[in-house]
Amino acid sequence: DMIATGCEDKNVRVYYLATSSDQPLKVFTGHLAKVFHVRWSPLREGILCSGSDDGTVRIWDYTQDACINVLSGHTAPVRGLMWNTEVPYLLTSGSWDYTIRVWDTRDGTCLDTVYDHGADVYGLTCHPSRPFTMASCSRDSTVRLWSLTPLISPLLINILTDQPWDQVLGHTDRAMVPGSAPLLCGKVSRDIKQELDKLSSDVRVKKFRWFSECFSPPGGSSNLWDLVSVINGQDNSLLPPSYSRGVMHMKHLLRFKTSEAQELTIVKMSKFGGGIGAPSKEERLKEAADIHLRLGQIQRYCELMVELGQWDKALSVAPGVSMKYWQNLMQRRAEQLMAEDNDDAIPYCIATGDVTELVTFFTARGQLKEALLVAQGACEGNIHAPQTSTINPMTNALDNKQQYQGLLHRVCKDLAEWYFQDGCAVLAACCHLAVNNIELAMSSLIRGNELELAVCVGVALGEPANQTTAYCLELLTRKYMTMPTWQLSVDLLHMIPDNQLLLAKMCAFYPGSTTEINQLHERCGLPQVEECKALAEAAMSEGDLFSAVKFHLLSSNPETALRMGIDHVKEQLSGSEWTVDCVLPILDLLSYIRTDRLIMAELTEARSELLILCGYIGALLAIRRQYSSIVPALYEYTSQLLKRREVCVPLQIEQLSVELDAWRTCTNYNSNCPPSDCQSQEFTCLEKRIQPTESAALVLYGSDYVTGSNLPSHSEVHLSCFTGHTIQGPVFLLEDGKSAISLNDALMWAKVNPYSPLGTGVRINPF
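Not measured: the values here are computed from a predicted model. (Residues numbered from 1 in each chain as written. Predicted model: local features only at pLDDT ≥ 70, side-chain atom pairs only at ≥ 80, totals over all residues. Heavy atoms only, no water.)

### Points about the nonpolar core
Turning to step 1, where the next piece is worked out: Counting residues in each nonpolar core, the largest one holds 208 residues, and the members touching the most others are Met506, Leu620 and Tyr635.
Turning to step 2, where the next piece is worked out: Top contributing element to this core by residue count: helix α27 (residues 604-625), with 13 residues.
Turning to step 3, where the next piece is worked out: In this structure, Ile47, Cys49, Val57 and Val78 belong to the second largest nonpolar core, which totals ten residues. (Core = buried A, V, L, I, M, F, W, Y, C linked by side-chain atoms within 4.5 Å. Buried < 20%, exposed > 50% of the residue type's maximum accessible area, 1.4 Å probe, protein only. Helix = DSSP H or I, 4+ residues; strand = E, 2+ residues; numbered from the N terminus.)

### A closer look at the packing of aromatic side chains
Turning to step 1, where the next piece is worked out: Applying the stated rule across the entire model yields 13 aromatic pairs.
Turning to step 2, where the next piece is worked out: Seen from their ring centres, Phe361 and Phe362 are 5.9 Å apart, and the 45° between their planes marks the pair as tilted.
Turning to step 3, where the next piece is worked out: A residue is classified by how much of its surface remains accessible, and Phe362, at 6% relative accessible area, is buried.
Turning to step 4, where the next piece is worked out: The structure contains a cluster of three or more aromatic residues connected by ring pairs, namely Trp486, Phe509 and Tyr510. (Phe/Tyr/Trp six-rings, centres within 6.5 Å; stacked < 30°, edge-to-face > 60°.)

### Some thoughts on the pairing of strand β9 (residues 90-95)
Turning to step 1, where the next piece is worked out: Most of β9 sits out of view: six of its six residues are buried.
Turning to step 2, where the next piece is worked out: The side-chain alternation of β9 yields two buried faces, one formed by Leu90, Thr92 and Gly94 and the other by Leu91, Ser93 and Ser95.
Turning to step 3, where the next piece is worked out: One ladder, built from four bridges, connects strand β8 (residues 78-83) with β9; its direction is antiparallel. By the bridge assignment, Met82 is partnered in β9 with Thr92.
Turning to step 4, where the next piece is worked out: If you look at the hairpin formed by β8 and β9, you'll find six residues sitting between the two strands.
Turning to step 5, where the next piece is worked out: Counted along the chain from β9 to the antiparallel partner strand β10 (residues 100-104), the turn is four residues long, and its residue Tyr98 has a positive phi close to 75°. (Pairing = 2+ DSSP bridges.)

### Focus: the confidence of the model for the protein
Turning to step 1, where the next piece is worked out: Of the residues in the protein, 93% have a pLDDT of 70 or more, and the chain-wide mean is 89.
Turning to step 2, where the next piece is worked out: Across residues 264-281 the pLDDT falls below 50, and counting only partners more than four positions away or on other chains, this stretch makes 24 contacts in the model. (pLDDT = per-residue confidence, 0-100. Contact = heavy atoms within 4.5 Å.)

### Regarding the pattern of salt bridges
Turning to step 1, where the next piece is worked out: This structure, assessed with the given rule, holds 22 salt bridges.
Turning to step 2, where the next piece is worked out: Between Lys34 and Asp53 there is a salt bridge, and its shortest N-O distance comes to 3.8 Å. Placement of the pair is Lys34 in the loop between β3 (26-28) and β4 (35-40) and Asp53 in the loop between β5 (47-52) and β6 (56-61), with a sequence separation of 19 residues.
Turning to step 3, where the next piece is worked out: Judged by relative accessible area, which is 24%, Asp53 ranks as partly exposed.
Turning to step 4, where the next piece is worked out: For Arg209, the salt bridge identified is with Asp226, shortest N-O distance 2.8 Å. Pair noted here: Arg209 is in helix α4 (residues 203-215) and Asp226 is in helix α5 (residues 221-231), with a separation of 17 residues, a long-range link. Here Arg209 and Asp226 have matching classes, each one buried.
Turning to step 5, where the next piece is worked out: Through salt bridges with shared partners, a single network forms among Lys34, Asp53 and Arg79. (Salt bridge = Lys/Arg side-chain N within 4 Å of Asp/Glu carboxyl O.)

### With respect to the environment of Gly246
Turning to step 1, where the next piece is worked out: Inspection of the secondary structure puts Gly246 in the loop between α5 and α6 (250-263).
Turning to step 2, where the next piece is worked out: By relative accessible area, Gly246 is classed as partly exposed at 32%.
Turning to step 3, where the next piece is worked out: When the C-alpha atoms of Gly246 and Cys430 are compared, they prove to be 8.8 Å apart, with 184 residues separating the residues in sequence.

### Brief notes about a nonpolar patch on the surface
Turning to step 1, where the next piece is worked out: The grouping of Met2, Tyr16 and Leu25 at the surface amounts to a nonpolar patch, some 260 Å² of accessible area in total.
Turning to step 2, where the next piece is worked out: Tracing the backbone shows Leu25 in the loop between β2 (12-16) and β3.
Turning to step 3, where the next piece is worked out: Since its relative accessible area comes to 44%, Leu25 is described here as partly exposed. (Patch = residues over 30% accessible without salt bridge, like charges linked within 9 Å, V, L, I, M, F, W, Y side chains within 5 Å. Areas by Shrake-Rupley, 256 points an atom, 1.4 Å probe, with all protein chains shown as cover.)

### So, the sheet that holds strand β1 (residues 2-6)
Turning to step 1, where the next piece is worked out: Strands sit in the order β1-β2-β3 across an open sheet of three strands; the sheet is antiparallel. Across the chains shown, the open sheet's two edge strands, defined by having one partner strand only, are β1 and β3. When the angles between neighbouring strand axes are averaged without regard to direction, this sheet yields 20°.
Turning to step 2, where the next piece is worked out: The pairing of β2 with β3 spans three bridges and is classified as antiparallel. Among the inter-strand pairings, Val14 is bridged to a residue of β3, identified as Lys26. (Axes fitted to C-alpha atoms, helices over the stretch in contact; angles between N-to-C directions.)

### A short note on the sheet that holds strand β12 (residues 121-126)
Turning to step 1, where the next piece is worked out: If you walk across this open sheet you meet the three strands as β12-β13-β14, and the pairing is antiparallel. At either margin of the open sheet sits one strand with a lone partner, and together these are β12 and β14 (143-147). On average, adjacent strands in this sheet sit at an angle of 25° to one another, irrespective of strand direction.

### Re the pairing of strand β7 (residues 66-72)
Turning to step 1, where the next piece is worked out: Relative to β7, β6 runs antiparallel, the two sharing six bridges. Opposite Thr56, over in β7, you have Ser72 as the bridge partner.
Turning to step 2, where the next piece is worked out: Counting the residues in the hairpin turn of β6 and β7 gives four residues, including Asp65, whose phi is positive at 55°.

### Focus: the packing of helix α20 (residues 500-509) against helix α23 (residues 545-554)
Turning to step 1, where the next piece is worked out: One way to put it is that α20 packs onto α23 with a least axis distance of 8 Å and a crossing angle of 40°. Crossing hand, α20 versus α23: left-handed. The residues of α23 that touch α20, namely those facing Leu501, Ala504, Cys507 and Ala508, are Phe546, Lys550, Leu553 and Leu554.
Turning to step 2, where the next piece is worked out: Each residue belonging to the contact of α20 with α23 can be placed in one class, and the counts come to seven nonpolar, no polar and one charged. (Left-handed = near helix turned anticlockwise from the far one by under 90°. Nonpolar A, V, L, I, M, F, W, Y, C, P; charged D, E, K, R; others polar.)

Structure follows, in structure tokens:
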């Protein structure tokens, strides 16, 4: 019954609509310039905000008749305003300074600032069923979609780790306590909880699905969950109508498309007739062809008709020669039309069962969905070559089916890669799930940094996804290994069955007091700090170096582990037969030494050696994982540290240069500049070193590419400190607050080398 207005006179007025009076109930003063926009809070009664040309946003409490907060940060008039419909303290504002700011209205903190628009930001709104997806419009003529999920990601972790509901949902009063963890207080979350309370089975998977869809932006997450349901055996009748409009599972593709075709009111096409354009009609050739036909020389007649461009006449009588000849003639016609990029080639390929040629035709044109449909049709036996012999008609049926299955998987992989490079990692995962390729589906989500969604999906898929789910949980643990959210890391690791080593690493990195560390050790099932030194010495006396390093890291003197582990790695690298996997476990363990200890002055030499070794092994891991964009940067990082630091490691700058040149030449091979024998030999040696020693080891190949990486930005130009080029897509600022790299490069770097590219000894955390 109340309406709030902003006015040119700098005031905010509140009117009561149920009265005939034209006078406001309240007048709020305080702005220093025109008030352009006001918004009531959807979750807190009597609370409203206003945006002004003075560059501020003010929060007003109608019940107290007062301004309770002033949000300062914009440098130009404020236009767009939007309250979040789930988290009561989140407020978003847009301004003529081209920025969007997200505020915590409890204490006035600016949580994030977005610079991507190139002109005034006027309008802001959020998705009705996905409250953490918002849209902004600007005078730069673009509408941009944003995800606010990173600001409240601990909530999804609480859901993932099955925390009590009071750590997920709550009342606005509790959510508004300064410094408290975010809570969901809106209608969307309440509705999800009510629907979950009605269920008697499959509750956990439904919870993961509904909340991940709530947190995720539109872009395939619903499609992904539909495919998970299909793989888990859900009845087809329960699939929503939207399923047929997305990426479908291979067992449904033909059925749904056939139904779609039947519904379309179009005239049946027949393109087996004449050729293209008007045919040449040379009388002598036509007369000769007629003579051949009358003499029963059908093949000669057909060839002359082809020469005249009258393919329809040739094909109509070609079976009179043989079915094999007719099939050959159909293939020639298809090849001619394909060379002209003419769609009329399609029925010829279908009629002759030339599936591979047709799939190649569609793929070359970028019509991957059409290629997928053809491959699935062939797999189901709807497309096959005409029978040209009566002997053993089923001889090649099995071979053809296997060939078509391989073709289907290849097309799905191509379509997935197209989606992935278009910044749609979720849709890429859908393509892999459509052919039951769970490992590649999970890999797409991880490479797109959709880690929380990947864990939800992995848990729902169960055992086939266990290995990749555990890796996702490990990455998420690293994301939350900071003081406010350390508890979340513990909860995440407890979701991994074989978690003792991971728990030890996390505890080794924990920077609390001895009492706090012991409490964490107890929660993780690890010995107290005081016991760890004795356990380390006992392990060393038994020749168990790895356990000795682990327990020293957990003790009050982790420096001992550092020296012991580095000496072991240097000894390994001094030999000629070492591999990455023989030094990686110790090196990875050492990287979890507490930062405050690692950067101590007395550990300068050990720290430098650790950073150099991590940089070099990281470069080899990047080659293994095909992280091509960061391989040169890792070699350069290692070389620069070798130049500037006084260390004693079995690495030479010249050798690093030789390895990098060999990698560049052999992986970017072209006929104009083939690798030399020395380079080929060097690269062969590199390949041996990086080869995984365990066949079952999880290795996710391919560069990371997060959502938004391909989108244009009007923001201030950030140059990558790796390449010196402008960064496209999301930017990751390093610890100095100035140096920048792309988020994609930061993610790949952190997966192969945990330490910052600046060489400070600080761990990088872009997850």
